[in-house]
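The primary structure of each chain is shown beneath.
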Amino acid sequence: MCAVVLSMYTMSQTNYLEGDIIYRTFSHYSHPSPQFIDGIDTVCIVIKGNSVHEYHKATGLHTVYDNNERIIMWSDNTKTGFSLPYVVPTPSLYPSLFKTNETKTIDGKEGTLYKQYMSTLGVVSDTELFIADAEVPLAPNAICFLNVSAFGKGYENKIAIKYKVQTYQTGKMKEFMQKHGGDVWSSQASELIRIEKREVNDNEFTAPSDFNIEYVEVIEPAPDLQIGLVRTGLKAILKKINKDLKIIDKKLTMKDMEDSYSLGIYKRNLEQTNAQYLRENLMVTEQVYTERIIYNMEEEWDY
């Protein structure tokens with residue numbers, strides 16, 4: 001399970017960031033996952049206007065949000081990917097994060113600690129974010145994969161300098177996941193490294209021409225969306241999101257949820273194929289952490 005939290009900005013300034021946001025991530029899962037890989041990764045986010053290109057150095061995975069028109073994702077390893085119509089990303093953290101009085105200065109930036117505890121259908125997440133002012137604003141609707149929430153009033157022009165989330169299953173969900181060998185808990189964290197302003201070429205938002213990119217004209221609803229449990233889960237999440245979005249006069253629809261779910265299937269298939277390639281070619285090592293490092297992350301985030 002990968003915690004991917006989206007940032008949206010709706011601002012009127014014209015001096016938007018053009019360049020790179022570089023951060024590193026830490027991920028660890030309680031069980032080996034066919035989709036994800038334990039480890040430390042350096043991630044580069046290239047931004048120009050509403051176009052965003054996210055590149056994961058450790059896994060060779062790319063995701064491009066091309067001016068809110070299409071979403072393109074590909075693997076440098078398998079040389080495959082897909083191109084889909086733009087999908088409204090479903091935020092996985094909401095404005096209901098509450099602000100604390102705790103601050104921390106990291107690399108000269110002072111951040112305020114925000115916390116959230118959320119339980120949905122047997123999945124619990126415990127989140128901490130140190131959020132600070134961004135050095136420069138992003139264009140309206142630019143999506144920035146910083147694993148932080150900057151969604152809604154009070155978050156404009158802000159990014160996280162530190163982020164941590166623990167996710168785990170409880171009750172019948174835990175029993176089900178254990179029975180099928182799934183994740184019972186996962187830990188993710190990120191740390192901002194630097195922001196670099198530079199001139200970005202438009203071709204940095206296109207996939208290599210010799211890669212096999214599946215072009216999808218219209219996203220078809222995923223077959224299991226007709227299954228009662230899946231639809232019930234999506235409706236519960238939609239209700240929670242819209243309750244929080246109401247304060248900023250925004251609203252998502254069930255179609256937004258279905259499209260986002262279908263996008264997740266495309267992404268999961270590519271990530272799983274890519275992870276299998278990395279393992280088969282001995283490009284990753286699963287045993288990269290000790291318990292000391294994992295649990296110290298809660299205090300010092302020493303990774």
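Residues numbered from 1 in each chain as written. Predicted model: local features only at pLDDT ≥ 70, side-chain atom pairs only at ≥ 80, totals over all residues. Heavy atoms only, no water.

1. A look at the pairing of strand S3 (residues 51–56)
For step 1, the next point in the chain: Counting buried residues along S3, five of its six residues qualify, which places the element largely inside the surrounding structure.
For step 2, the next point in the chain: Pairing of strand S2 (residues 39–48) with S3, which is carried by six bridges, proceeds in the antiparallel orientation. Looking across to S3, one finds that Val-43 is bridged to His-56.
For step 3, the next point in the chain: Between S2 and S3, which follow one another and run antiparallel, lie two residues, and Gly-49 among them has a positive phi close to 60°.
For step 4, the next point in the chain: Two elements, S3 and strand S4 (residues 61–66), share five bridges in a ladder whose sense is antiparallel. What sits directly across from His-56, in S4, is Leu-61. (Buried < 20%, exposed > 50% of the residue type's maximum accessible area, 1.4 Å probe, protein only. Helix = DSSP H or I, 4+ residues; strand = E, 2+ residues; numbered from the N terminus. Pairing = 2+ DSSP bridges.)

2. Side note on the packing of helix H2 (residues 228–245) against helix H3 (residues 254–280)
For step 1, the next point in the chain: Viewed as axis vectors pointing N to C, H2 and H3 meet at an angle of 120°, and their least axial separation amounts to 10 Å. Taken together, the axes of H2 and H3 lie oblique to each other. Between H2 and H3 lies a crossing of right-handed hand. Here Val-230, Arg-231, Leu-234, Lys-235, Ile-237, Leu-238 and Ile-241 of H2 lie close against H3, whose contacting residues are Met-254, Met-257, Glu-258 and Tyr-261.
For step 2, the next point in the chain: When its residues are assigned to classes, the contact of H2 with H3 shows eight nonpolar, no polar and three charged. (Axes fitted to C-alpha atoms, helices over the stretch in contact; angles between N-to-C directions. Parallel < 35°, antiparallel > 145°, perpendicular 65-115°, else oblique. Left-handed = near helix turned anticlockwise from the far one by under 90°. Contact = heavy atoms within 4.5 Å. Nonpolar A, V, L, I, M, F, W, Y, C, P; charged D, E, K, R; others polar.)

None of this, on its own, says anything about what the molecule does.
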